[in-house]
Amino acid sequence: MLKEGNGAIVRYIVEGERGECVAFSTTILAISFRPEKLLYLAYPKNIESRQLREVSRLQTHIPAKISINKSHSYGSENLLQGLIIDISPTGCRFTVHVNSGFLALKKRPVFVHVLSPIDNSAVVISAHVRNNQMQGDRLSVGIEFAAHEQQKMQNLLAAYTIDIA
């Protein structure tokens, strides 16, 4: 119960390169209701952090497209065009500018289309949407690559000279 003097556990997710959960326990010092609801918390004695991803991601700016159907070509208008803003051999965060009527991608299988910097050919990677988040007019999508696509991803990362160790 949120009441002055009671204890509280605060947890939040920090997106970005590592993707981690930060948590701490504290005491509620005060609660205000006007002009807005606001909690005043005591400064925590300890802050705990847990990494959510097995592999750290590297910040990138790689143009990419995603589709629900593997048969679409890279030039197809049915693909959602955006940017891979961070990447690892096991997953990435894809962001796209959307209009207000756009529905977020649900947890489902998708295909990530990326142009190889070596020969400019489209590389199609099987993947699964794990989460999504609207931030203003941008949709940010967390994508996990299929396990059988590991070698294809290693080759693509090497072509982009991305070394994640």
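Whatever comes next refers back to the structure up there.
Because the structure is a prediction, the values reported are computed rather than measured.

Conventions and cut-offs
- Residues numbered from 1 in each chain as written.
- Predicted model: local features only at pLDDT ≥ 70, side-chain atom pairs only at ≥ 80, totals over all residues.
- Heavy atoms only, no water.
- Helix = DSSP H or I, 4+ residues; strand = E, 2+ residues; numbered from the N terminus.
- Buried < 20%, exposed > 50% of the residue type's maximum accessible area, 1.4 Å probe, protein only.
- Patch = residues over 30% accessible without salt bridge, like charges linked within 9 Å, V, L, I, M, F, W, Y side chains within 5 Å.
- Areas by Shrake-Rupley, 256 points an atom, 1.4 Å probe, with all protein chains shown as cover.
- Salt bridge = Lys/Arg side-chain N within 4 Å of Asp/Glu carboxyl O.
- Pairing = 2+ DSSP bridges.
- 1 Å grid on protein atoms, 1.4 Å probe; cavity = no way out; pocket = protein on both sides within 12 Å on 5 of 7 lines; lining within 4 Å.
- Points joined across faces, edges and corners; volume = space filled by probe spheres on them.
- Nonpolar A, V, L, I, M, F, W, Y, C, P; charged D, E, K, R; others polar.
- Polar contact = N/O pair within 3.5 Å; in protein donor to acceptor, adjacent residues only side chain to side chain.
- Axes fitted to C-alpha atoms, helices over the stretch in contact; angles between N-to-C directions.
- Contact = heavy atoms within 4.5 Å.

Time to look at unusual backbone geometry. Look at the link from Arg-34 to Pro-35: it is a cis peptide, with omega at 0°. One non-glycine residue, Asn-120, adopts positive backbone phi at about 60°. Topologically, Asn-120 is positioned in the loop between strand E8 (109-115) and strand E9 (122-135). With relative accessibility at 56%, the residue Asn-120 sits in the exposed group. Here the phi dihedral of Thr-161 falls at roughly 50°; this positive angle occurs in a residue that is not glycine. As for its position among the elements, Thr-161 is in the segment after helix H1 (150-159).

Relative to the assigned elements, Gln-135 resides in strand E9. Given the relative accessible area of 48%, Gln-135 is considered partly exposed.

Before going further, it helps to spend a moment on a nonpolar patch on the surface. Taken together, the side chains of Leu-2, Leu-39 and Leu-41 present a nonpolar region at the surface, about 260 Å² in accessible area. Along the chain, Leu-2 falls in the segment before strand E1 (7-14). Using a relative accessible area of 60% as the deciding quantity, one classes Leu-2 as exposed.

Moving on, we get to the pairing of strand E5 (residues 58-67). Of the strand pairs in this sheet, E5 and strand E6 (residues 80-87) are connected by seven bridges, and their pairing is antiparallel. Across the sheet, the residue bridging to Pro-63 is Leu-83, located in E6. Relative to E8, E5 is paired through four bridges, and the arrangement is antiparallel. The partner of Ala-64 across the bridge, within E8, is Val-114.

The next point concerns the environment of Asn-155. Relative to the assigned elements, Asn-155 resides in helix H1. Classification of Asn-155 as partly exposed rests on a relative accessible area of 46%. When the C-alpha positions of Asn-155 and Leu-79 are compared, they lie 23 Å apart, and in sequence the two are 76 residues distant.

Okay, the layout of surface pockets next. In this structure, the second largest pocket occupies an estimated 270 Å³ of space. Among the elements of the structure, strand E2 (20-32) and strand E4 (48-51) are those that each provide at least two residues to the lining of the second largest pocket. Here the element with the most residues in the lining of the second largest pocket is E2; it accounts for seven residues. Looking at the lining of the second largest pocket, its residues break down into eight nonpolar, five polar and three charged.

Moving on, we come to the side chain of Arg-93. Relative to the helices and strands, Arg-93 is located in strand E7 (residues 91-97). What makes Arg-93 buried here is its relative accessible area of 5%. Reaching out from Arg-93, the side chain makes a polar contact with the side chain of Ser-140 at a distance of 2.9 Å.

What follows deals with the sheet that holds E5. Around the barrel, which closes on itself, the six strands sit in the order E5-E6-E7-E10-E9-E8 with antiparallel pairing between neighbours. On average, adjacent strands in this sheet sit at an angle of 45° to one another, irrespective of strand direction. Relative to strand E10 (residues 138-145), E7 is paired through seven bridges, and the arrangement is antiparallel. Within E10, the position partnered with Cys-92 by the bridge is Ile-143. Together, E6, E8, E9 and E10 form the strand contacts of H1, whose direction differs from that of E9 by roughly 85°.

Bear in mind that shape data such as this cannot, by itself, settle questions of function.
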